[in-house]
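Spelled out from the first residue to the last, the chains are:
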Amino acid sequence: MIAKQVNQKAWFMVLPVFLIVAFSAVIPLMTVVNYSVQDTFGNNVFFWVGFDWFRDLIHSERFHQAFLRQLLFSGIILAIEVPLGIAIALTMPKKGWGVPLCLVNMALPLLIPWNVVGTIWQIFGRVDIGLLGHTLAALGIDYNYTQDPIAAWLTVIVMDIWHWTSLVVLLCYAGLCSIPDAYYQAARIDGASRWAIFRYIQLPKMHRVLLIAILLRFMDSFMIYTEPFVVTGGGPGNSTTFLSIDLVKLAIGQFDLGNAAAMSLVYFLIILLCSWIFYTVMSNVGEESSPKGGA
Amino acid sequence: MNFNWMAWTGPTAAFFLIILGMLITMTVWEIRVPGGAPRRGILGFETTRGDRLFVSLLGSAFIHIFWLAFFSLNLWWAFALACVYAVCVFIWV
């Protein structure tokens, strides 16, 4: 067996990034851990409370509801954006003038900042001046996202789909473009159906980009803050108060730093666990379906 | 430098020092006895030594959270359970 040569000196190249991450992420995370076991009344004076904040949080109905709303939101947008993104990518042209046109159109929503997207949809959905809200009202549909929780949810979900499906489309399109023509020629010779081509050629070849798309969309949707905050402010009532909105209310609105720190850590651990499960499952699915020892 | 703003306490400092100690131990272990190449354990996926440390730490965090949620016994029991879990992960996963 030939031992693989590994040049460990390359790790020094990572050192600047490591220092930046330490400064921007590790030190703040340590501070959050410190806050989570203490209470403060301001003036940088802290009192040790042990794991009381965690105990309160885990038994808090408010946290449970925000967590369930967050899971439901992420589940719904993944269930819509991933199949929709694949479907749109499959219909996009592979050559000709349509390629740049489609790519630019797809990339446009991704270029708009989160708060601007929120503002666009906040005005778009208003019954008095918004095109969507006014049209729906004219059609006799009772739509008011400031009063009706279902309308608020629909607005936030459609907004997210409008903003982020393009990302899934572009990633899937990149995966589809990397499939050599020989695969399609072989499928044609075998008389494979459109579904068989999708199931046995396109989907396996897209699985790595799909992994990235699902991971990115899950993590982004699980920590979504700006867009729903601008559109609904977490309401009506608490119906669109997701974890991040609840966290900000707790930390900045109520200035409960210890409680908010404990919530941040549990939130962080949940995202870490879900991302790790997604990554492990999807990378292993790929390894089992691809031949061993290949290039 | 003044680190008062970070609100350090003895137990949290010890916690981070233990994590740092684990990372240093893993590095020394790999240099002394190389063998961190991926292997397939009982969960059916490949893990390196680093992956197993990550799984141990993440699992331990959730053991402590579930202990707080469902048991009123002292948290040191959860710590003991997490240690046993970590040893099992390093042996079998």
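Below or above, wherever it landed, is the structure these notes cover. Bear in mind that the values here come from a model prediction, so they are computed numbers and not experimental data.

1. A few points about the overall build of chain A
Regarding its fold elements, chain A presents 12 helices and two strands. Sequence-ordered secondary structure for chain A, helices as α and strands as β, is α-β-β-α-α-α-α-α-α-α-α-α-α-α. Along the first, second and third principal axes, the C-alpha set of chain A runs to 75 × 70 × 30 Å. Taken across its 295 residues, chain A has 41% of its residues classed as buried. Just so you have it, chain A exposes about 16,800 Å², and 71% of that area is on carbon and sulfur atoms. Charged side chains in chain A number 16 positive and 17 negative. The centres of these two groups are separated by 15 Å.

2. Some words on helix 7 (residues 149-177) of chain A
All names here are of chain A. For helix 7, built from 29 residues, the straight-helix expectation of 42 Å at 1.5 Å per residue is met to within 8% by its first-to-last C-alpha distance of 41 Å. Residue Trp164 marks the point of greatest curvature in helix 7, where the axis turns by about 40°. Among the 29 residues of helix 7, 21 are classified as buried, and the element is accordingly described as predominantly covered.

3. Thoughts on unusual backbone geometry
Residue and element names in this part refer to chain A. Here the phi dihedral of Asn44 falls at roughly 60°; this positive angle occurs in a residue that is not glycine. Here Asn44 lies in the loop between strand 1 (38-40) and strand 2 (46-48). The phi torsion at Phe255 lies on the positive side, around 55°, for a residue other than glycine. Note on placement: Phe255 falls in the loop between helix 11 (243-253) and helix 12 (257-289).

4. Notes on the packing of aromatic side chains
Residue and element names in this part refer to chain A. Evaluated as defined, the whole model comprises 26 aromatic pairs over all chains. Ring centres of Phe73 and Phe242 lie 4.8 Å apart, and the angle between their planes is 35°; on these two criteria the pair is classed as tilted. Separated by 169 residues along the polypeptide, Phe73 in helix 3 (residues 61-91) and Phe242 in the loop between helix 10 (226-231) and helix 11 bring together distant segments of the chain. Owing to a relative accessible area of 0%, Phe73 belongs among the buried residues under this scheme. Among the aromatic residues, those joined into a cluster by ring pairs are Phe63, Phe67, Phe218, Phe222, Tyr267 and Phe278.

5. Structural notes on the pattern of salt bridges
Under the criterion given, the structure shown has seven salt bridges over all chains. Residue Asp220(A) is joined to Arg217(A) by a salt bridge in which the shortest nitrogen-to-oxygen separation is 3.5 Å. Of this pair, Asp220(A) and Arg217(A) both sit in helix 9 (residues 194-222), separated by three residues, roughly a single helical turn. Since its relative accessible area comes to 24%, Asp220(A) is described here as partly exposed. Two residues, Glu30(B) and Arg49(B), come together in a salt bridge whose shortest N-O distance is 2.8 Å. In this pair, Glu30(B) sits in helix 1 (residues 10-32) while Arg49(B) sits in helix 2 (residues 49-70), placing the two residues 19 residues apart along the sequence. Connected via shared salt-bridge partners are Glu81(A), Asp160(A), Arg217(A) and Asp220(A).

6. Describing the nonpolar core
All names here are of chain A. The biggest cluster of nonpolar side chains holds 62 residues, and the ones touching the most others in it are Ile86, Cys172, Met206, Phe222, Leu243, Met263 and Val266. At 12 residues, the largest contribution of residues to this core is made by helix 9. Setting aside anything within four residues of it in sequence, one finds Phe222 in contact with Phe67, Gln70, Leu71, Ser74, Leu243, Tyr267, Ile270 and Ile271. Counting 17 residues, the second-largest nonpolar core is a separate cluster that includes Ile77, Tyr143, Ile157 and Ile161.

7. A word on the interface of chain B and chain A
Contacts between the two partners involve 22 residues from chain B, matched on the other side by 27 residues from chain A. Summing the contributions of chain B and of chain A, the shared interface buries around 2,200 Å²; its carbon and sulfur component is 75%. The interface formed by chain B and chain A includes zero salt bridges. There are four residue pairs in polar contact (both at pLDDT 80 or more) connecting chain B and chain A. When residues of the side of chain B that touches chain A are traced back to their parent elements, those giving at least two are helix 1 and helix 2 of chain B. Residue contributions to the side of chain B that touches chain A peak at eight residues, all from helix 2 of chain B.

The rules behind the values
- Here the residue numbers are simple positions, counted from 1 along each chain's written sequence.
- Chains carry letters from A onward and ligands carry numbers from 1 onward, assigned in written order.
- Local features in this predicted model are restricted to residues of pLDDT 70 or higher, and side-chain atom pairs are both shown and tallied only at a pLDDT of 80 or more, whereas totals for entire chains, interfaces and linings draw on every residue.
- Hydrogens and water molecules were not included; the side-chain quantities draw on all heavy atoms of the structure.
- Here a strand is any run of E in DSSP of at least two residues, a helix any run of H or I of at least four, and the numbering for each starts at the N terminus.
- Relative accessibility decides the category of a residue: with a 1.4 Å probe and only protein chains considered, values under 20% of the type maximum give buried, values over 50% give exposed, and everything between is partly exposed.
- Accessible surface area values rest on a Shrake-Rupley calculation with a 1.4 Å probe, where residue burial reflects the displayed protein chains alone.
- Counted as positive: Lys and Arg. Counted as negative: Asp and Glu, with His and the chain ends omitted from the count.
- For this purpose, a charge sits on NZ of Lys, CZ of Arg, CG of Asp or CD of Glu.
- To estimate the expected span of a helix, count its residues, drop one, and scale the result by 1.5 Å.
- Here the bend at a residue means the angle between the axes of two seven-residue stretches, the one that ends at it and the one that starts at it.
- The pairing test for Phe, Tyr and Trp rings, Trp by its six-membered ring, is centres within 6.5 Å, and the orientation test on the planes gives stacked under 30 degrees, edge-to-face over 60, and tilted for anything in between.
- The term salt bridge refers to a side-chain nitrogen of Lys or Arg lying within 4 Å of a carboxyl oxygen of Asp or Glu.
- Throughout this description, the term nonpolar core refers to a set of buried Ala, Val, Leu, Ile, Met, Phe, Trp, Tyr and Cys residues connected via side-chain atoms within 4.5 Å.
- Should any heavy atoms of two residues lie within 4.5 Å, those residues are counted as being in contact.
- Values labelled buried area give the accessible surface lost by two parts on being combined, using a 1.4 Å probe and summing over both.
- Think of a polar contact as two N or O atoms within 3.5 Å of one another; within protein, one of them needs to be a possible hydrogen donor and the other a possible acceptor, and neighboring residues in sequence only count if both atoms come from side chains.

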